[in-house]
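# An overview of the molecular structure
Spelled out, the chains give:
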Amino acid sequence: MEMNFIKNANILQILILTLVLSSCTKEKKKVQLSDALLPKSTLPKMKPLTNEHPKLTAEYINSKKRSVEFFYNKTWPNNSANGSFLVAQNGQIIYENYEGYANKRDKRLITSTTPLHLASVSKVLTATAVLKLINAKRIDLDQKVNTILKEFPYPDVTIKTLLDHRSGMRNYAYFTDRDKTVWDRHNRLTNQDILTIMATKDIGLEFKTDTRFSYCNTNYAMLALIIEKITKLPYKEAMRQIVFKPLGMKNTYVFDYERDKDTIAPSYKGNGVEIGKDYLDAVYGDKNIYSTPRDLLKFDRARNSGVFLNPKLFKEVFEGYSNERAGEKNYGLGIRIINWKTGQNFYFHNGWWHGNTSSYITLQKEKVTIIALSNKFTTRTYQVRKLARLFGDYPFPLGKGEKEE
C-alpha cells in the first residue's frame, strides 16, 4: 500500500513537472499573429526591427562618416543649420548633428530628443497606419471612401486613389481661403470641416478620379478621418497605438492645437523671424506630426522589415502610379519615387509647412536611412538626397569638392 502511494505520488510529480515545462515552452514559443489573423477588437501594430546584420565595422563607419561630415559642413557652413540630421545604415548611426534653436525666445536648443514638425513627411506615417489596417483586412485598398465616410461626396474615390494622389480632389487650402461663404478664415479649420464643406458647398473634383496624378493634401486629411472611423479612436491616439508606441518613438506625437500650441518648437523664416499659426494649423494626416531623426530611424527600419506588410501589399507600396507621361518622377502609396532607366529606384518624401522643411530617404537595397529636419526655412534640407551616392548607384550630381567613397 505504501509502495503504491509513493509510486502514484511520483507519477503525479512527473505529470505536474511535464505540464509546467510544457507551459514554459509554450510561453517561449508564443506565436505572433499576423495582422490578418488578429481579432477585430485588436489593432495591428508596427513591430521593431532589431539586431540588423551585418554589423558595420568601425573602419567602414569612419570612412562614411568623414564623407557625410564633409557634405554636412559644406551644405551648412559655420554652424548655420537650424535642425536635425542623421545618416544610418543597418539601423546603426553613422553620423548625426543637432544645432540651432528649437525656440529662440527662450534660447532652447535643438537636441537629439527635440521633436520638429515633419510637414508632409507626416504623410508617410499616415500611410503606414492605413496600410496596417489594410493588411489586417479592416479595410480594402480599392474600397470606396463613401462606404466608410458616409458624407463623402465623390463616389469613385478609393483608399488607393487617396494614397497615390489620383483622387481628383481639390486642395483644402485653396477652396477655403477665398470665399467667406465656403469658410471664414477667422475660424480654425478641422478635418471634419473639410469633409463637410466638400459635401455641402458644391466643391467639384479638379479632374475625373484616377485619370491623372495631382499631389493634394486633402487626400491625407481624409485618410486621417478614415483611420479614426475604423479604429474608433482620435487620429493622434490611433497613430500612437499603431505606430509610435510599439516602435518606441518616445519623442513623436501628433500636434494637438489647444494642448501643444505654446510648447512646440515654432518655425522661422530664413531671416530668423518667427512664423505664427494660421487657420490651417489644426488639420492633420497630411502634416502635423512632430518627431526626431532617431525616432524616424526606428520607423524606417520597421517599415523595411519582413513583417511590416504581406509581400503583395508591400510591393504595391513601392510601385509608381503617377506615370501618365514618361519620366523619372513617380509616386507610390505614400512615398515619392524616382525611377531611372538603369532600373535603379529612389524612395523618399519631402515636406514644407510654414518654416519647417523635412526630408526622409530610405535606400532599401543598401539599408540606409537619411533624415533631415529644419524649423528655419531652407531648401538645403532637400539636398541630402545627394548622400545616396555614397552608398549606391544613385545618379545625383555631387557638388564641387564632394567625393564618393
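These notes cover the structure that comes with them. (Residues numbered from 1 in each chain as written. Predicted model: local features only at pLDDT ≥ 70, side-chain atom pairs only at ≥ 80, totals over all residues. Heavy atoms only, no water.)

Let's shift gears to the packing of helix α3 (residues 122-135) against helix α10 (residues 293-303). Packing of α3 against α10 brings their axes to within 12 Å, and their N-to-C directions diverge by 40°. The angle between α3 and α10 falls in the class oblique. In this structure, the crossing between α3 and α10 has a hand that is left-handed. Of the residues in α10, those touching α3 at V124, L125, T128 and L131 are L296, F299 and R303. Considering only residue class, the contact of α3 with α10 consists of 5 nonpolar, 1 polar and 1 charged. (Axes fitted to C-alpha atoms, helices over the stretch in contact; angles between N-to-C directions. Helix = DSSP H or I, 4+ residues; strand = E, 2+ residues; numbered from the N terminus. Parallel < 35°, antiparallel > 145°, perpendicular 65-115°, else oblique. Left-handed = near helix turned anticlockwise from the far one by under 90°. Contact = heavy atoms within 4.5 Å. Nonpolar A, V, L, I, M, F, W, Y, C, P; charged D, E, K, R; others polar.)

Another aspect to go through is the pairing of strand β1 (residues 83-89). Of all 7 residues making up β1, 7 are buried, and the element is well covered by its neighbours. Of the strand pairs in this sheet, β1 and strand β2 (residues 92-99) are connected by 7 bridges, and their pairing is antiparallel. Counterpart to S84 in the pairing with β2 is Y98. Connecting the antiparallel pair β1 and β2 is a turn made up of 2 residues, with N90 showing a positive phi of about 55°. Two strands pair when backbone bridges link them, and β1 and strand β14 (residues 368-374) are joined in this way by 7 bridges, in the antiparallel orientation. By the bridge assignment for β14, V87 is matched with I370. (Buried < 20%, exposed > 50% of the residue type's maximum accessible area, 1.4 Å probe, protein only. Pairing = 2+ DSSP bridges.)

What follows is about helix α7 (residues 217-231). The first and last C-alpha atoms of α7 sit 22 Å apart over 15 residues, in line with the 21 Å expected at 1.5 Å per residue. Across the 15 residues that make up α7, a large majority, 13, are buried. Backbone geometry just after α7 places K232 at a positive phi near 60°. (Expected span 1.5 Å × (residues − 1).)

This part is about the pattern of salt bridges. Applying the stated criterion across every chain yields a total of 17 salt bridges. Between E52 and R301 there is a salt bridge, and its shortest N-O distance comes to 2.8 Å. In this pair, E52 sits in the loop between α1 (2-28) and α2 (58-75) while R301 sits in helix α10, placing the two residues 249 residues apart along the sequence. On the basis of relative accessibility, which here comes to 5%, the residue R301 falls in the buried class. Here R108 and D106 are joined by a salt bridge, their closest N and O atoms 3.6 Å apart. According to the relative accessible area criterion, R108 is partly exposed, its value standing at 33%. The structure contains a network of salt bridges with shared partners spanning E52, D300 and R301. (Salt bridge = Lys/Arg side-chain N within 4 Å of Asp/Glu carboxyl O.)

All right, on to the sheet that holds strand β9 (residues 289-291) then. Sheet strands line up and pair through hydrogen bonds in the backbone, either parallel or antiparallel. Strand order in the open sheet formed by 3 strands is β5-β9-β6, with antiparallel pairing between adjacent strands. Edge positions in the sheet fall to β5 (116-117) and β6 (253-254), since each of these pairs with one other strand and no more. Bridge analysis of β6 against β9 gives 2 bridges, and the strand direction is antiparallel. The residue bridging Y253 from the neighbouring strand is Y290, located in β9.

Let's shift gears to the sheet that holds β14. Overall, antiparallel pairing links the 7 strands, which are arranged β2-β1-β14-β13-β12-β11-β10 in an open sheet. The strands lining the two open edges of the sheet, one partner per strand, are β2 and β10 (329-331). Pairs of neighbouring strands in the sheet enclose a mean axial angle of 15°, with direction left out of account. Strand direction decides the pairing type here: strand β11 (residues 336-339) and strand β12 (residues 345-353), joined by 4 bridges, are antiparallel. Residue I338 lies in a different strand from β12, and its bridge partner there is F346.

In this section: α10. With respect to burial, α10 is a largely interior element, 9 of its 11 residues being buried. Taken together, the buried positions of α10 are P293, D295, L296, L297, F299, D300, R301, A302 and R303.

Okay, unusual backbone geometry next. Of note, the amide linkage connecting H53 to P54 takes the cis form, showing an omega dihedral of -5°. Assignment of secondary structure puts P54 in the loop between α1 and α2. With phi around 55°, N79 is a residue other than glycine that occupies positive phi space. Note on placement: N79 falls in the loop between α2 and β1. Judged by relative accessible area, which is 65%, N79 ranks as exposed.

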